Amino acid sequence: MAETMHALVYHGTNDLRLEERPLPQLRDPRDAIVKVELSSICASDLHIRNGAVPRALPGTVLGHEFVGEVVATGREVRKVRPGQRVAANVETFCGTCWFCRRGYVNNCRHGGWELGCRIDGCQTEYVRVPFADNGLDPIPDALSYQDVLLVGDVLASGYFGAELAAIRPGDSVAVLGAGPVGLCAMQCARLFGPAQVIAVDILPGRLHLAQERGYADLTLDAAADDVEARILEATGGLGADAVIECAGGRDTFQTAWKVARPNATVAVVAMYEEAQSLPLHLMYGKNLTFRTGGVDATHSAELIRLIERGRIDTNPLITHSLPLNKILEGYRIFEQRQDDCIKCAITPWKR
């Protein structure tokens, strides 16, 4: 094995560089080292590049969505072993602190969103995963790397949004944003037995995918449709029972509370680059419940089982693939949504 590897490194706002880095080493008996077989580019990577994530540390290797093969483990790691294929969790969490014991792993006192933000991530060839027994899940033999690439972040976020929305059988669910997280949220919302899922976006290609794949029953183009009126019409004049805001656009938070019926739940899993307002004087009397936050990705193993059973399929979301050598081109394609790009998989360095 070579002593160095290629990595995409964040050096500050709008400053990403492909460079050589030393191979990672075990630092703690709970660590594992994973050879990256597939990674991906996330909208939050763009937020870091744009300077919208103050906690991100310059000099860090970017990326947190990946799958690969374990090559080394610390002496206290029990769940995974060298040679095993694994899917990674976006969250680094100890599993024993006050927050972890209650399932709030995003708020772990010893972690949270660390990979690709405060410690070296996966847009490289090898990555160190702290608390490996919590951060890695074995991949069943029947599934490919691509089948589970999105489990640890995008799919986990979509499930988290559906869970926060408190969906009950027979509900009408509105999902704002038909990007990667929104499309996953639609699939996950289906698991809770709603009567209908309504997808809202401004990109016709994504809305077409949502309807074609059966993720949504009704699709609305926010650039052309009167979204509030159409949702009222589709819900018998009530509004949506549950709203999952995945878009993170300039006005999408306002749309989220407006399309919700009185006494509905609005789940906000979007990451915004600017402050949002909560106009309580306008929503007074709607008696809404808002549930927000970064993904508490505690269901990775169950999501893998759902994929294995055919209940969830994220493969249609992976529309592009490029080797690590061309990852900056992948960032451009993903950000500009070229050729209807939804997610871009990054394969190993092409030697």
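It should be emphasised that the depicted structure is a prediction, and the values quoted were computed from it without experimental measurement. (Residues numbered from 1 in each chain as written. Predicted model: local features only at pLDDT ≥ 70, side-chain atom pairs only at ≥ 80, totals over all residues. Heavy atoms only, no water.)

Outline the overall build of the protein, listing residues and values.
Looking only at helices and strands, one finds 12 helices and 16 strands in the protein. In summary, the protein has a C-alpha radius of gyration of 20 Å against a globular reference of 20 Å for 351 residues, a match within 12%. Projecting the C-alpha coordinates of the protein onto the three principal axes gives extents of approximately 65 × 40 × 40 Å. Across the 351 residues that make up the protein, the buried fraction comes to 56%. In the protein, 69% of the contacts between residues at least 6 apart in sequence involve partners at least 24 apart. About 15,100 Å² of surface is accessible on the protein, with carbon and sulfur atoms providing 47% of the total. Charged side chains in the protein number 36 positive and 43 negative. The centres of these two groups are separated by 5 Å. (Helix = DSSP H or I, 4+ residues; strand = E, 2+ residues; numbered from the N terminus. Rg over C-alpha atoms; globule rule 2.2 N^0.38 Å. Buried < 20%, exposed > 50% of the residue type's maximum accessible area, 1.4 Å probe, protein only. Contact = heavy atoms within 4.5 Å. Areas by Shrake-Rupley, 256 points an atom, 1.4 Å probe, with all protein chains shown as cover. Lys, Arg positive; Asp, Glu negative; His and termini not counted. Charge placed at Lys NZ, Arg CZ, Asp CG, Glu CD.)

Got a sec to walk through the UniProt feature "domain: Enoyl reductase (ER)" (unreviewed entry) in the protein? Specific residues and values, please.
Per the UniProt record, "domain: Enoyl reductase (ER)" (unreviewed entry) is found at residues 12–339. Helix and strand shares over residues 12–339 are 28% and 24% respectively, and the end C-alpha atoms of the span are 29 Å apart. (UniProt positions renumbered as here; feature names shortened; annotations may be inferred.)

An account of the environment of L23 is needed here, citing residue identities and associated values.
In this fold, L23 is placed in the loop between strand 2 (15–22) and strand 3 (32–40). With a relative accessible area of 14%, L23 lands in the buried category. For the pair L23 and F290, spaced 267 residues apart in the sequence, the C-alpha separation amounts to 44 Å.

A description of the nonpolar core should follow, citing residues and the corresponding values.
Considering soluble globular proteins, one finds that nonpolar side chains tend to be buried as a cluster. Ranked by internal contacts, the top residues of the largest apolar core, which has 72 residues, are V148, L183, M186 and I244. Broken down by element, this core gets its largest block of residues, eight residues, from helix 5 (residues 151–164). When sequence neighbours within four positions are dropped, the list of residues in contact with M186 reads V175, G177, A178, V197, A199, A210, Y215 and A216. With 20 residues, the next largest nonpolar core counts L176, F253, A260 and V266 among its residues. (Core = buried A, V, L, I, M, F, W, Y, C linked by side-chain atoms within 4.5 Å.)

Describe the layout of surface pockets, with residues and values.
When its volume is computed, the second largest pocket comes out at roughly 230 Å³. For the second largest pocket, the lining is made up of 15 residues, of which P22, P24, R27, D120 and R128 are closest to its centre. Secondary structure elements with two or more residues in the lining of the second largest pocket: strand 2 and strand 7 (126–129). Sort the elements by how many residues they give to the lining of the second largest pocket and strand 7 lands first, with three residues. Here the lining of the second largest pocket is composed, by residue class, of eight nonpolar, three polar and four charged. (1 Å grid on protein atoms, 1.4 Å probe; cavity = no way out; pocket = protein on both sides within 12 Å on 5 of 7 lines; lining within 4 Å. Points joined across faces, edges and corners; volume = space filled by probe spheres on them. Nonpolar A, V, L, I, M, F, W, Y, C, P; charged D, E, K, R; others polar.)

A description of the pattern of salt bridges should follow, citing residues and the corresponding values.
Evaluated as defined, the whole model comprises 18 salt bridges. R230 serves as the salt-bridge partner of E233, at 3.9 Å between the closest nitrogen and oxygen. Of this pair, E233 and R230 both sit in helix 8 (residues 227–234), three residues apart, which is roughly one turn of that helix. The class of E233 is exposed, set by a relative accessible area of 62%. For R250, the salt bridge is made with E274, and the minimal N-O distance between the two is 3.3 Å. Highlighted residues: R250 in the loop between strand 12 (240–245) and helix 9 (252–259) and E274 in the loop between strand 13 (260–268) and helix 10 (280–283), separated in sequence by 24 residues. The exposure class of R250 is exposed, given its relative accessible area of 63%. The partly exposed category is assigned to E274, whose relative accessible area is 37%. A single salt-bridge network, built from bridges that share partners, covers E19, R21 and D120. (Salt bridge = Lys/Arg side-chain N within 4 Å of Asp/Glu carboxyl O.)

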